[in-house]
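Analysis of the macromolecular model
So the chains spell out like this:
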Amino acid sequence: MAEKGFRISKTPVWKKLKAHAEEMKRPEYHLKQLVQQQGRMKEFSLKHVDFFYDFSRQRVTRKTMDLLFELAKTAKVHRKYRDKVEGLKVNVTENRAALHTAARSFSGQSICVDGVNVMEEIDAVRRQMRDFSEKVHDGTVCGSTGKTFRHLVVIGIGGSYLGTEFVANALFAYADKGLELHFLSNVDSHNFETIKTKIDPETTLCIVISKSFTTVETMANAQQMKAYMTACGLDAMKHFVTVTSKGSPGDKGKESGIETFHMFDFIGGRFSVTSAVGGVPLSLYLGYDRFNQFLEGAREMDIHTKYAPSPENIPLVSALIGIWNNNFLGYQAQAVIPYASPLSKLAPHIQQLNMESNGKSVTINNYEIDQSSGVIIFGEPGTNAQHSFFQLAHQGHPFPIDFIGVITPQYPEGGCRPHGVSNHQELWANLISQATALAVGKDSEEKTRFFQGNRPSSTLLMNDLSPVNVGRLLAYYEAQTVYKAFIWDINPFDQFGVELGKTIANDLRREIVARNTNPEHSFGHMDEITRFYLERLFAGRLPL
Ligand SMILES: O=P(O)(O)OC[C@H]1O[C@H](O)[C@H](O)[C@@H](O)[C@@H]1O
């Protein structure tokens with residue numbers, strides 16, 4: 001932990017970076033000049049196993065990087081990271097460790113929290129997931145009418161949903177266990193009704209995932225699903241399993257007759273994909289061995305994150321560049337654009353991971369921060385994104401982009417070459433050209449056809465989208481998020497910002513219950529705007 005009163009924005013290196021950012025506005029530092037420099041690609045890229053990170057089209061020079069490494073040193077990021085992975089209670093507001101990295105540790109070394117070796121508990125859950133998925137696959141565990149499961153419905157929201165959806169989509173090509181996966185996250189009844197049209201209840205296994213087991217949406221959807229299964233004449237208990245933290249209200253274990261998998265309070269929801277939160281659905285969907293390969297990839301990136309020195313540390317370098325773009329060059333948004341459809345759900349996951357972790361207003365020691373922490377993250381796969389919001393990227397308000405490219409697609413391509421190139425080659429032509437166009441721009445006499453350029457991007461390349469590489473990708477973004485927080489000296493592991501809206505919803509729920517039980521109940525005591533909406537809900541239409 002940094003010393004009390006520490007604010008990164010008050011440090012001499014922060015001031016040097018501010019001055020340097022002014023310098024970087026000069027025309028000779030326009031990206032169209034920088035990308036011409038010999039050896040730039042070599043100097044501003046990093047390779048680690050199947051992973052290549054190219055930041056040659058970021059608005060940086062050697063001096064920028066040196067100052068950023070000085071910033072990392074000033075913020076003591078390596079020591080903070082070591083404290084985290086060794087089980088110190090870095091989540092100070094909740095007095096918890098933050099040990100998602102333990103969920104994919106295979107070193108055999110103990111990691112102790114409050115005198116308990118958490119690895120023993122994690123290993124036990126791994127064995128339980130392996131046994132359970134094998135039994136579902138061979139039909140030993142089946143539905144109440146004896147039929148083998150064919151559908152999985154994941155009932156969970158936020159961190160108990162988004163990461164699993166990202167990985168399941170990314171590895172769809174490996175999902176050969178004869179199970180279809182559905183996600184029931186939103187309390188919006190459309191979500192439930194749509195899933196009903198897609199499943200066969202007799203062959204459906206519901207996985208209720210909630211760390212707290214108090215999340216209103218998840219509890220409501222679990223009850224809806226249970227009522228539906230019962231109405232279908234099934235023994236609902238045989239169609240449900242749960243994933244929840246040890247000791248939560250849902251941790252009833254064997255006494256309830258429902259198989260329960262534990263995750264732990266030292267694993268935050270948005271960091272929980274490699275715990276039972278992702279592990280139960282993914283080992284059913286893909287097979288345990290593939291889930292394990294995915295864990296191996298994450299673990300391997302964790303080791304790189306912990307040990308690689310700053311200039312070679314890919315998550316740290318990308319975190320520093322993110323901070324450079326945000327706090328010094330003034331960009332307030334960041335796009336994640338994978339040129340790979342299997343990564344279509346990456347951006348929503350990174351969005352939660354980053355924005356919920358780093359959208360904070362105080363330092364870890366409760367001092368108000370005076371620079372922004374966190375940016376708006378959004379994204380869509382390319383080339384689709386080019387045909388929707390890239391106009392803004394090229395000529396409107398600029399935002400940095402993370403391009404992601406995959407060298408070998410998951411499916412072999414046939415010989416068809418519509419324009420003399422395969423579809424994958426066409427995809428790559430676009431991936432390469434977009435980053436160039438954004439960086440270099442184009443002069444024109446006509447103002448509407450002028451491209452200012454100087455718009456920064458990075459490109460992440462992976463050899464393929466194997467389970468191992470998807471694990472690396474996940475762990476890379478997790479580590480980048482944590483490193484940013486450690487530089488800003490904020491706590492990325494709590495999320496009190498999501499509470500206020502929930503509290504107000506609780507009050508409104510009480511009002512709705514009152515009207516449900518007594519049609520005469522008046523909303524007259526409420527403010528005019530709230531009253532309007534509640535009256536419309538009960539009237540079932542807008543006013544005439
Ligand atoms: O897993 P649960 O306890 O049901 O929580 C589900 C989600 O809801 C919360 O409101 C938080 O915003 C998320 O961080 C969390 O992942």
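Residues numbered from 1 in each chain as written. Predicted model: local features only at pLDDT ≥ 70, side-chain atom pairs only at ≥ 80, totals over all residues. Heavy atoms only, no water.

Under an unreviewed UniProt entry, the name given to the protein is Glucose-6-phosphate isomerase, and the source organism is Desulfoluna spongiiphila. Listed under Subcellular location (unreviewed entry) in UniProt, the entry text for the protein is "Cytoplasm". Under the UniProt heading Function (unreviewed entry), the entry covering the protein gives this text: "Catalyzes the reversible isomerization of glucose-6-phosphate to fructose-6-phosphate." (UniProt positions renumbered as here; feature names shortened; annotations may be inferred.)

Moving on, we get to the side chain of Asn325. Along the chain, Asn325 turns up in helix 12 (residues 314-328). Within polar-contact distance, the side chain of Asn325 engages the side chain of Gln58 at 3.0 Å. Excluding residues within four positions of it along the chain, Asn325 makes contact with Gln58, Gly330, Tyr331, Pro400 and Pro456. (Helix = DSSP H or I, 4+ residues; strand = E, 2+ residues; numbered from the N terminus. Polar contact = N/O pair within 3.5 Å; in protein donor to acceptor, adjacent residues only side chain to side chain. Contact = heavy atoms within 4.5 Å.)

Below, the discussion takes up the layout of surface pockets. Counted as a void, the largest pocket has a volume near 1200 Å³. Of all the secondary structure elements, the ones that give two or more residues to the lining of the largest pocket are helix 9 (216-231), helix 13 (346-358) and helix 17 (499-517). Per-element tally for the lining of the largest pocket: the top contributor is helix 17, with 6 residues. (1 Å grid on protein atoms, 1.4 Å probe; cavity = no way out; pocket = protein on both sides within 12 Å on 5 of 7 lines; lining within 4 Å. Points joined across faces, edges and corners; volume = space filled by probe spheres on them.)

With 120 residues, the main nonpolar core has Leu71, Leu343 and Tyr477 as its most contacted residues. Taken together, domain 1 (8-74 + 308-492) and domain 2 (100-295) each give at least three residues to this core, which thus spans both. When sequence neighbours within four positions are dropped, the list of residues in contact with Leu343 reads Phe166, Ala170, Pro338, Ile404, Met462, Leu465 and Leu473. (Core = buried A, V, L, I, M, F, W, Y, C linked by side-chain atoms within 4.5 Å. Buried < 20%, exposed > 50% of the residue type's maximum accessible area, 1.4 Å probe, protein only. Domains from an automatic or database assignment.)

It is worth spelling out the confidence of the model for the protein at this point. Taken as a whole, the protein shows an average pLDDT of 96; of its residues, 99% reach a score of 70 or greater. Model confidence for the complex is summarised by a pTM of 0.96, with the ipTM given as 0.98. (pLDDT = per-residue confidence, 0-100.)

With that settled, consider the packing of aromatic side chains. All told, the structure shown has 22 aromatic pairs when counted by the stated rule. Ring geometry for Phe291 against Phe294: centres 6.0 Å apart, planes inclined by 40°, an arrangement best described as tilted. Of this pair, Phe291 and Phe294 both sit in helix 11 (residues 288-307), separated by 3 residues, roughly a single helical turn. Each residue in the set Phe44, Phe51, Tyr53, Phe55, Tyr476 and Tyr477 is aromatic and connected to the rest through ring pairs, giving one cluster. (Phe/Tyr/Trp six-rings, centres within 6.5 Å; stacked < 30°, edge-to-face > 60°.)

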